Amino acid sequence: MSKVVACYKWVADEADLRIDADLSVDFSRVKGKISDYDKNAIAEAVNIATAWGEKAVGLTFGTAKAKQSVKDALSRGLEEGYWINADEAADADGAAVAKALAAVIQRIDDVGLVVCAEGASDTFARQVPSRIGAVLDWPVVTSVMKIEIAGNGLMTVRRLDDCMQTVKVQLPAVIAVLPEINTPPIPGLKAVMAAAKKPVHEFKGGDLGINFTPKTKAVEFKGYVMARKNVIFKEGEAADKVRELAAALRKEGVL
Amino acid sequence: MAGIYIYSDNNEIAAEIIGFAKRVGKEAVLLAFDEKTAEVMGNSGADKIYLLNGESELVESYAKAVAELLQKEEAELFAVGSTARGRELAARAAGYLDCALVSDVSALSYADGWFLAERMMYGGLVQQRESLDGLGVVTVPGGKFDPVTGNAEVISMAVQADRRVSLVETAPIVRQGADLSQADKVVCVGMGLDKEEDLETARALAEAIGAEIACTRGIAEERHWLPAELYIGISGAVIKPKLYVSLGVSGQIQHIFGIRDSQLIVGIDTNERAPIFKAADYGIVGDLYEIVPLLTDALKKQTIDRPE
Ligand SMILES: Cc1cc2nc3c(=O)[nH]c(=O)nc-3n(C[C@H](O)[C@H](O)[C@H](O)COP(=O)(O)OP(=O)(O)OC[C@H]3O[C@@H](n4cnc5c(N)ncnc54)[C@H](O)[C@@H]3O)c2cc1C
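Residues numbered from 1 in each chain as written. Chains lettered and ligands numbered in written order. Predicted model: local features only at pLDDT ≥ 70, side-chain atom pairs only at ≥ 80, totals over all residues. Heavy atoms only, no water.

Undergrad: What's the story with the overall build of chain B in this structure? I'm lost.
TA: Assigned secondary structure in chain B consists of nine helices and 16 strands. Each of the 308 residues in chain B was classed as buried or not, and the buried ones make up 59%. Sequence-distant contacts in chain B: of pairs separated by 6 or more residues, those separated by 24 or more amount to 62%. With the model as given, the accessible surface of chain B reaches about 12,600 Å², and the carbon-plus-sulfur share is 46%. Computed over 29 positive and 47 negative side-chain charges, the inter-centroid distance for chain B is 2 Å. (Helix = DSSP H or I, 4+ residues; strand = E, 2+ residues; numbered from the N terminus. Buried < 20%, exposed > 50% of the residue type's maximum accessible area, 1.4 Å probe, protein only. Contact = heavy atoms within 4.5 Å. Areas by Shrake-Rupley, 256 points an atom, 1.4 Å probe, with all protein chains shown as cover. Lys, Arg positive; Asp, Glu negative; His and termini not counted. Charge placed at Lys NZ, Arg CZ, Asp CG, Glu CD.)

Undergrad: Looking at this model, I keep getting lost on the packing of aromatic side chains. Mind explaining?
TA: Any two aromatic rings considered together are summarised by their centre-to-centre distance and by the angle between their planes. Inspection of the entire model under this criterion finds nine aromatic pairs over all chains. Chaining the aromatic ring pairs together yields one cluster made of F27 and F221 of chain A together with Y122 of chain B. The ring of Y224 of chain A carries the charged tip of R260 of chain B above its face, separated from the ring centre by 3.5 Å. (Phe/Tyr/Trp six-rings, centres within 6.5 Å; stacked < 30°, edge-to-face > 60°. Lys NZ or Arg CZ within 6 Å of the ring centre and 35° of its normal.)

Undergrad: Just checking my understanding: could you explain the state of the cysteines for this structure?
TA: The bond known as a disulfide is covalent and runs between the sulfur atoms of two cysteines. Enumeration according to the criterion identifies zero disulfides over all chains in this entry. Note on C7 of chain A: no disulfide assigned, nearest cysteine sulfur contributed by C116 of chain A at a separation of 4.1 Å. Free cysteine C215 of chain B: the closest other cysteine sulfur is in C188 of chain B, separated by 6.4 Å. You can call C215 of chain B buried: its relative accessible area is 0%. (Disulfide = S-S within 2.5 Å.)

Undergrad: Would you take a moment to explain the packing of helix 3 (residues 94-107) of chain A against helix 4 (residues 128-136) of chain A for this structure?
TA: For any two helices packed against each other, one specifies the inter-axial angle together with the distance between the axes. Residue and element names in this part refer to chain A. Close contact between helix 3 and helix 4 brings their axes to 8 Å; oriented N to C, the two are set at 55°. In terms of orientation, helix 3 and helix 4 fall into the oblique class. Crossing angle aside, the handedness with which helix 3 passes helix 4 is right-handed. Of helix 4, the residues touching helix 3 (which contributes G94, A95, V97, A98, K99, L101, A102, I105 and Q106) are V128, R131, I132, V135 and L136. (Axes fitted to C-alpha atoms, helices over the stretch in contact; angles between N-to-C directions. Parallel < 35°, antiparallel > 145°, perpendicular 65-115°, else oblique. Left-handed = near helix turned anticlockwise from the far one by under 90°.)

Undergrad: Just to check I follow, could you spell out the sheet that holds strand 8 (residues 126-132) of chain B for this structure?
TA: Hydrogen bonding along the main chain pairs the strands of a sheet, whether they run parallel or antiparallel. An order of 14(A)-8(B)-7(B)-6(B) is seen for the four strands of this open sheet, with the pairing classed as antiparallel. Bordering the open sheet on either side are strand 14 (216-223) of chain A together with strand 6 (107-111) of chain B, each of which pairs with just one other strand. Mean inter-strand twist for the sheet, computed between neighbouring axes without regard to direction, equals 20°. By the bridge criterion, seven bridges tie strand 14 of chain A to strand 8 of chain B in an arrangement that is antiparallel. Its bridge partner lying in strand 8 of chain B, K222 of chain A is registered against Q127 of chain B. (Pairing = 2+ DSSP bridges.)

Undergrad: Would you take a moment to explain the side chain of D269 of chain B for this structure?
TA: If you trace the backbone, D269 of chain B turns up in strand 15 (residues 264-269). Among buried charged residues, D269 of chain B stands out as having no salt bridge; its nearest opposite-charge side chain is R273 of chain B, 11 Å away. (Salt bridge = Lys/Arg side-chain N within 4 Å of Asp/Glu carboxyl O.)

Undergrad: Would you mind going over the environment of D133 of chain B with me for this structure?
TA: Residues and elements named next belong to chain B. Positionally, D133 belongs in the loop between strand 8 and strand 9 (136-140). Taking relative accessible area as the criterion, D133 reaches 58% and is therefore assigned exposed. Considered as a pair, D133 and L116 are 17 residues apart in the sequence and their alpha carbons are 9.3 Å apart.

Undergrad: Would you mind showing me how to read the environment of D269 of chain B here?
TA: Residue and element names in this part refer to chain B. D269 gets classed as buried once you look at its relative accessible area, which sits at 10%. The contact partners of D269, leaving out residues within four places of it in the chain, are G248, V249, S250, A274, I276, F277, I284, V285 and G286. Looking at D269, its side chain comes within polar contact range of the main-chain nitrogen of N271, at 2.9 Å. (Polar contact = N/O pair within 3.5 Å; in protein donor to acceptor, adjacent residues only side chain to side chain.)

Undergrad: Where do I start with the side chain of E14 of chain A in this structure?
TA: Its place among the elements puts E14 of chain A in the loop between strand 2 (10-12) and strand 3 (18-19). Those residues in contact with E14 of chain A that lie beyond four places of it in its chain are K33 and S121 of chain A together with Y122, L125, I253 and Q254 of chain B.

Undergrad: How should I be thinking about the domain arrangement of chain B in this particular structure?
TA: In many reports, interface size means the accessible area that the parts give up when they come together. Residue and element names in this part refer to chain B. Along its sequence, chain B is organised into domain 1 (4-158) and domain 2 (180-305). Each partner contributes to the interface: domain 1 provides five residues, whereas domain 2 provides five residues. Of the roughly 380 Å² buried at the junction of domain 1 and domain 2 (both faces included), carbon and sulfur atoms supply 67%. Looking at the side of domain 1 facing domain 2, the largest losses of area belong to M120, G123 and G124, adding up to 82% of the total buried there. Counting across the interface, domain 1 meets domain 2 through zero salt bridges. Taken together, the links from domain 1 to domain 2 amount to one residue pair in polar contact (both at pLDDT 80 or more). In terms of residue class, the side of domain 1 that touches domain 2 is made up of three nonpolar, two polar and no charged. (Domains from an automatic or database assignment. Buried area = accessible area lost by both parts, 1.4 Å probe. Nonpolar A, V, L, I, M, F, W, Y, C, P; charged D, E, K, R; others polar.)

Undergrad: Sorry, what's going on with the sheet that holds strand 13 (residues 200-204) of chain A here?
TA: Taken in spatial order, the ten strands make up an open sheet running 13(A)-7(A)-6(A)-1(A)-8(A)-12(A)-9(A)-10(A)-11(A)-11(B), and their pairing is mixed. Every interior strand has two partners, whereas the edge strands, strand 13 of chain A together with strand 11 (165-172) of chain B, have only one. On average, each strand axis in the sheet is tilted by 30° relative to the strand beside it, whichever way the strands run. By the bridge criterion, three bridges tie strand 9 (residues 140-150) of chain A to strand 12 (residues 173-177) of chain A in an arrangement that is parallel.

Undergrad: How do you make sense of the interface of chain A and chain B when you look at a structure like this?
TA: Counting residues at the interface gives 76 residues for chain A, matched by 87 residues for chain B. A combined buried area of about 7,400 Å² lies between chain A and chain B, and 54% of that area is made up of carbon and sulfur atoms. Looking only at chain A, the three residues that lose the most surface to chain B are Y224, R228 and L255 of chain A, adding up to 10% of its buried area. Counting every contact that joins chain A to chain B gives 14 salt bridges. Here E272 of chain B makes a salt bridge to K234 of chain A, at a shortest N to O gap of 3.2 Å. On inspection of chain A and its partner chain B, the count reaches 50 residue pairs in polar contact (both at pLDDT 80 or more). Of all the elements in the fold, those that place two or more residues in the side of chain A that touches chain B are helix 3, helix 4, strand 9, strand 10 (153-159), strand 11 (163-169), strand 14, strand 15 (231-233) and helix 6 (238-252) of chain A.

Undergrad: Quick question: what am I supposed to make of the packing of helix 4 of chain A against helix 4 (residues 84-97) of chain B here?
TA: At a closest axis distance of 7 Å, the pairing of helix 4 of chain A and helix 4 of chain B adopts a crossing angle of 40°. Looking at the two axes, helix 4 of chain A sits oblique to helix 4 of chain B. Crossing angle aside, the handedness with which helix 4 of chain A passes helix 4 of chain B is right-handed. For the pair helix 4 of chain A and helix 4 of chain B, the contacting residues are S130, R131, G133 and A134 of chain A in the first and E88, A91, R92, A94, G95 and Y96 of chain B in the second. Across the contact of helix 4 of chain A with helix 4 of chain B, the residue classes tally to four nonpolar, three polar and three charged.

Next up, the structure:
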């Protein structure tokens, strides 16, 4: 069989974002993370590669900050890291991201499968895996919650809004997995140490021959705040807090 | 033919998008992949229904053919219902067209030759508005527009499928839970619940106030204590009840996205710093195992005491 590529994104942790009074978004205290569900994609890529007796490698597209993701990704069982370093990644849209990832997938020798998560935690646009498939003109299967090896292809179980589907796909292919497909193991100390020694290949965005200009024009980017009463009963006996809440609900007329 | 091209495996969403197209004065062309849909949607106000016939049962595998059709017809917009099938078809078509795709729009409008789309980012913390120039693709959740009526002309055409993916088996998902989008009151349980049996505590409260039971993603997808259609959030149900009460829900942004249109939000959680309290109108900091039985009792009495 051939190599498995796990695509992942280094994202700003949304838990660190602050919305200012003027609704502007404050990124100053933000730490990065591998997008939550991408950890499932990495784990699934490793599982399939192991079953094939092949290598799973990681691939990411990001600004210089994304470099710190590579070691984390490699500690999750991937054998090699590929990362595309591009300033343009800061405002790249799904079209540019997919083209950049596809360009490197084509430069990696003998890829049989690309595994992505359904969406990244920052944009959650759920479009990149399908677009990679289109750029490469490979078959695509999304919403996958189970993968089994079936001869030269894969048998997958998809969860759609109205049904479960069993779908067979020929390789090479792009698969987008749901987070329910596995529970990614937390890397142990040994895996973290070993990650430091694994090969890392860096590509420069400018060398890929891609136009990174976004296809849409962002005309507004602002924080969302909900105006809520925030009346929180925290002191005193449970019975008193309950009485106060019950009184409030009655007054609100929602019962 | 120029205009807005529309697809959804959910006929209601398709009808709503047709309504949008007609209201902004565009031709509406519905793509259907089977005769039944073409028939059912015959009076939904589309100008034309293109009935696309091919050899695959998987709509997504016509992405390339759809992209070619959109290009040939000089479509102005491809608007697709935001369901799993729709999202894949939309993104693959956008990939073949190398054009814009705005996913899961929270608003969509048209003015002065531009489509303007709004969407959420960072789990709902940030709102972005984008304008589309030239052919673009959007995916649209249900409930955004009102449908219209009017007869469509049905035109059949043959299309090529990607045969590298084939359907082996389909098993319908039997809906077990209530339709949360219509619920008046909702009691939502989170991972703060220790054991599956403890759902009874939540059910007793729900029963006392006449609420439906719902949950966070982990309760449905990791612990499988409740069916998947009962989890609320950006990847689950979006609700707009009069009253939402959470029990042991931390209130992460992805969950809050699904409840932000609730009239009143109440949170019960042991952790005073849990984000649910920032999203709540009322809250109790406390152990749900202590609070919920007391609250059930108090509200049961109130409901009975209240004069009709
Ligand atoms: C891309 C993406 C999409 C997502 N989509 C969704 C979605 O659609 N819906 C969704 O729900 N989540 C979604 N999530 C997950 C989300 O980020 C949170 O992880 C999830 O909502 C947390 O669920 P929870 O509040 O039940 O659990 P936790 O965050 O574990 O919270 C449990 C809470 O219970 C409290 N608690 C514990 N014991 C008690 C007790 N005895 N009494 C009272 N309180 C107690 C704790 O203090 C804590 O606040 C998504 C995540 C990502 C990255």
